[in-house]
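Secondary and tertiary structure notes
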Amino acid sequence: MEQDKYGNEQADTSDPLHVAVPGDLLPRILASLGLSATPVVATDVLERAQLVADLKSPLWDGRVAALQSLGKLTTPPTFAEVVDALSDENAFVRAAACRVLRRVSGNATFDPLVLALNDSEWSVRAAAAQTLGLVGGQVAVEPLLHAMQSDTDESVRATAAQALGQIKERVPLEPLLDALHDPGWLVREAALATLGRLDQPLPLEALLAASEDVDLSVRLSAQSLLPRFLLTTSTEPPVSEPQPLPTLPVQEARSNQRDARRLALSAGIKRWLAGDQSAMTFDGERETIQYLPLPPAVGGRSSGRLRPLLAAGSIVAAVLIVAGFILASIALFRLPHNTASQLSMPTSCPAGVLNAPSSGCAFFKSSNVSDQSSQTTDKGINDILEIDLSHVSSPAAGQSYYAWLLVSLANPEGPALLLARLSVQQGTIHYIYRDPQQTDLLALSNALLITEQSTQSQPLVPSIDRATWRYSGVLSQTPDPNDTTHHYSLVDHLHHLLTSDPELENVHLSGGLAFWLHLNVQALTHLVSAAQNARVRGDVQGTRSSLVGILDYLDSAVYVSRDVPPGTPLAIDPAVARVAILTFDSLNQVPSGYIQHIAFHLAAIAASPYATSGQRALAARLNTDLSLLETRFQEIRQLAKNLLALNDSQLLQPAASQQFQTLSSQISQAYLGQFNPTTHTLEQSGISQIYNNIQTLATFSLGAYKS
């Protein structure tokens, strides 16, 4: 077959089975998936110098092919050869550059890859996540977790989840378990795949819940993990003779839907573990179900971009997975009856912020903190509440535990939100409530109460009989006696940080101070990427506009005139530009700069007599982190000013590349933190860690209720 200039074989169009495809379409499709028609191999004719020169080709697919060829050389490419492609105007080229970086040695690749996780194109973010999983090591866990939890694209979240499975070491279990509730089936399936690679015990309840997922592929993936869980749990010797398949109640077994049978089996497993020995019988009858591989799913919902990549092995996978599920079921039914009580499900309470002694905790999370489609809404902030309790006795017969959010324990007849009826598994309660309207739950409540009430009918309000109150936790509403000016309580400080602040409300910004600092720093990562892309295109005006936007966020509309040429218009939303990240006049700047304003509330929590010792220590540490972050933002401001001061010719010269790279690295570290690639530790927190830790301050310490 003929070859093009990069050594790619050309399809034989005389083949009657060949489908004619426009010359530029096939490379586009393949590049978007991270593939090529055939392996690109550098030949003797194509020397390294020629390939590097071809990275400047006016054709984007030529630049992609050159990058792929560089990645195939016996001697790996250098960072200097690839770095400019990371800011190419074409997304396919940037994605190819991210993939080539897996062959580049040294630590210089980490920051560019982390920055690429904020690229405007999903394909670039996915390629960066994939490469970080292969070469990033432990230091890549934090940015990959952030991408898995926060990216707006399902394929990127799924790729990040899968990349975490490449790292395996010290990957926390809880975020992956949370990802099993992601709205995208790809993410849920990828999270299960990574959970299967971790050398950690998996909670049975989570696997059983996933085995009832609405998506078939997710159900099969969850069921494939059951053998590992069950076979490592069983203390009996291996099965030496053929065992009968597990049986189900007859009315369930007679279902014509194979998938419904599998869901029924999962339900039977749950009932059996709960001690219901009749779960596998019905009126004395027993019936065996023969499980067969399921046919491919047809119709229904859209399959998504990555579904075609899974089709080739789906039949074989289904056979293996279903066979594994049968083995799991056999093993399960051979467990001794008391084995279930020996299993334990780990809790995930934030370390160090609880009262001692404590039975558990409840803490808030945000579903949409990194993707506010509208910057005037508080939807998706503090809209998730996770409850974890251990050493819990089962409720009395006919009774159940119910979780409530209250404005105050002192007034249980006031507004109350019923979260759920809680189930106890092996002495543990683990429940995640996700508000269907994405309401800010912290703004509505100061107390959590767990009552024991009748199972027969769902209660509308918590019982006024305090003898039925089992566990409680409060965030203090008592004004701080040391605060003679504002008389703020602990809850007031938390609300200002996480839900709403009067100064922000005055400029029509919904959400707390920490939320807006997080959102604005994330915007800086997009702007520095846009500046680099515009510069590569030779777009001086676009480059300058992005640099001005960076200064708008740092300075605000009031003070940015000091750093930009006279008459320069704002490059960001004027409403957002009313509040600066930095503070320039401590006495007269209104609204205050985000960092100084947040530091005020953290200092008050650190001194509050109504905060736990852990909350006070965490608040003090966060203030130290903020102080270091403020110094970094001052450096970012100076870098942006220096670049903006260059004339048009200087701005496009190679000498400016290093300054842009430094600016990019500084902003990336301000957002995601500074990692030490040698020790694999976080040396300095970024705003993503700081925001999460501020949210941790709003943790209910749960204990047995005492009247």
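Cut-offs applied
Residues numbered from 1 in each chain as written. Predicted model: local features only at pLDDT ≥ 70, side-chain atom pairs only at ≥ 80, totals over all residues. Heavy atoms only, no water. Helix = DSSP H or I, 4+ residues; strand = E, 2+ residues; numbered from the N terminus. Contact = heavy atoms within 4.5 Å. Buried < 20%, exposed > 50% of the residue type's maximum accessible area, 1.4 Å probe, protein only. Phe/Tyr/Trp six-rings, centres within 6.5 Å; stacked < 30°, edge-to-face > 60°. pLDDT = per-residue confidence, 0-100. Axes fitted to C-alpha atoms, helices over the stretch in contact; angles between N-to-C directions. Parallel < 35°, antiparallel > 145°, perpendicular 65-115°, else oblique. Left-handed = near helix turned anticlockwise from the far one by under 90°. Nonpolar A, V, L, I, M, F, W, Y, C, P; charged D, E, K, R; others polar. Pairing = 2+ DSSP bridges. Expected span 1.5 Å × (residues − 1). Polar contact = N/O pair within 3.5 Å; in protein donor to acceptor, adjacent residues only side chain to side chain. Core = buried A, V, L, I, M, F, W, Y, C linked by side-chain atoms within 4.5 Å.

This part takes up the overall build of the protein chain. Along its length, the protein chain carries 27 helices and 12 strands. The contacts in the protein chain between residues at least 6 apart in sequence include a share of 69% that link residues at least 24 apart.

This part takes up the environment of Ser-358. Residue placement: Ser-358 occurs in the loop between α18 (339-342) and β3 (360-365). Given the relative accessible area of 31%, Ser-358 is considered partly exposed. Discounting residues that sit within four places of it in the chain, Ser-358 has contacts with Ser-701 and Leu-702.

Here we come to the packing of aromatic side chains. Aromatic rings in a pair are described by how distant their centres are and how their planes are angled relative to each other. Per the counting criterion, the structure on display carries 5 aromatic pairs. Taking the centre distance of 5.4 Å and the plane angle of 75° together, the rings of Phe-515 and Trp-516 count as edge-to-face. Residue classification places Phe-515 among the buried residues on the basis of a relative accessible area of 0%.

Glancing now at unusual backbone geometry. In this chain, Val-590 is followed by Pro-591 through a cis amide linkage whose omega measures -5°. Of note, Pro-591 is situated in the loop between α22 (540-559) and α23 (594-606). Here the phi dihedral of Gln-426 falls at roughly 50°; this positive angle occurs in a residue that is not glycine. Structurally, Gln-426 is set in the loop between β6 (416-422) and β7 (429-434). Accessibility expressed as a relative area gives 27% for Gln-426, which makes it partly exposed. In this model, His-508 sits at a positive phi of 65°, which is unusual for a non-glycine residue. As for its placement among the helices and strands, His-508 is situated in the loop between α20 (502-506) and α21 (513-536).

Further remarks concern the confidence of the model for the protein chain. With 73% of its residues at a pLDDT of 70 or more, the protein chain shows a mean pLDDT of 77. In the model, residues 1-46 has pLDDT below 50 throughout and makes 57 contacts with residues more than four positions away in sequence or in other chains. pLDDT under 50 marks residues 272-347. Its contacts with residues more than four places away, or in other chains, come to 127 contacts.

Where α21 contacts helix α26 (residues 657-672), the two axes come as close as 9 Å, and the packing angle between them is 160°. Between α21 and α26, the angle is such that the two are roughly antiparallel. Here α21 and α26 pass one another in a crossing that is left-handed. From α21, His-518, Val-521, Gln-522, Leu-524, Thr-525, Val-528, Ala-531, Gln-532 and Arg-535 reach across to α26, where they touch Ser-657, Phe-660, Gln-661, Leu-663, Ser-664, Ile-667, Ala-670 and Tyr-671. Within the contact of α21 with α26, the residues separate by chemical class into 9 nonpolar, 7 polar and 1 charged.

Here the focus is the environment of Asn-368. Position of Asn-368 among the secondary structure elements: in the loop between β3 and β4 (384-389). Note: C-alpha distance between Asn-368 and Gln-149 (219 residues apart in sequence) is 9.1 Å. What Asn-368 contacts, discounting residues up to four positions off in sequence, is Lys-379, Gly-380 and Gln-438.

On to the sheet that holds strand β9 (residues 469-474), then. One open sheet accounts for 8 strands, arranged β6-β5-β8-β9-β12-β3-β4-β7; its pairing is antiparallel. If you trace the sheet from one side to the other, it starts and ends with β6 and β7, each paired once. Sheet twist, expressed as the mean angle between neighbouring strand axes with direction ignored, is 20°. Sheet topology note: the strand β5 (residues 399-406)/strand β8 (residues 447-454) ladder contains 8 bridges and is antiparallel. Note on β8: the bridge partner recorded for Leu-405 is Leu-448.

Between its first and last C-alpha, α22 extends only 24 Å over 20 residues, short of the 28 Å set by a 1.5 Å rise per residue. Of all 20 residues making up α22, 16 are buried, and the element is well covered by its neighbours. Residue Asp-539 occupies the N-cap position of α22, its side-chain oxygen lying 3.4 Å from the main-chain nitrogen of Gln-541.

With that settled, consider the nonpolar core. Counting 162 residues, the largest nonpolar core has Ile-550, Ile-581 and Phe-633 as the members making the most contacts within it. Of the residues forming this core, the biggest block, 12 residues, is contributed by α21. Ignoring anything within four residues of it in the chain, the contact list for Ile-581 reads Leu-517, Asn-520, Val-521, Leu-524, Tyr-553, Leu-554, Gly-593, Tyr-594, Ile-595 and Phe-633. Counting 8 residues, the second largest nonpolar core, distinct from the first, contains Tyr-402, Leu-409, Leu-449 and Trp-469.

Count 3.6 residues to each turn of an α-helix, and residues three or four apart come out pointing the same way. For helix α11 (residues 185-197), spanning 13 residues, the distance from its first C-alpha to its last is 19 Å, which sits close to the expected 18 Å at 1.5 Å a residue. A large share of α11 lies buried, amounting to 10 of its 13 residues. Of the positions making up α11, those classed as buried are Trp-185, Leu-186, Val-187, Arg-188, Glu-189, Ala-190, Ala-191, Leu-192, Thr-194 and Leu-195.

Relative to the elements of secondary structure, Thr-468 occurs in the loop between β8 and β9. In this structure Thr-468 comes out as buried when scored by relative accessible area, which is 15%. Here Thr-468 is in contact with Ile-450, Thr-451, Glu-452 and Ser-463, once residues within four sequence places are set aside.

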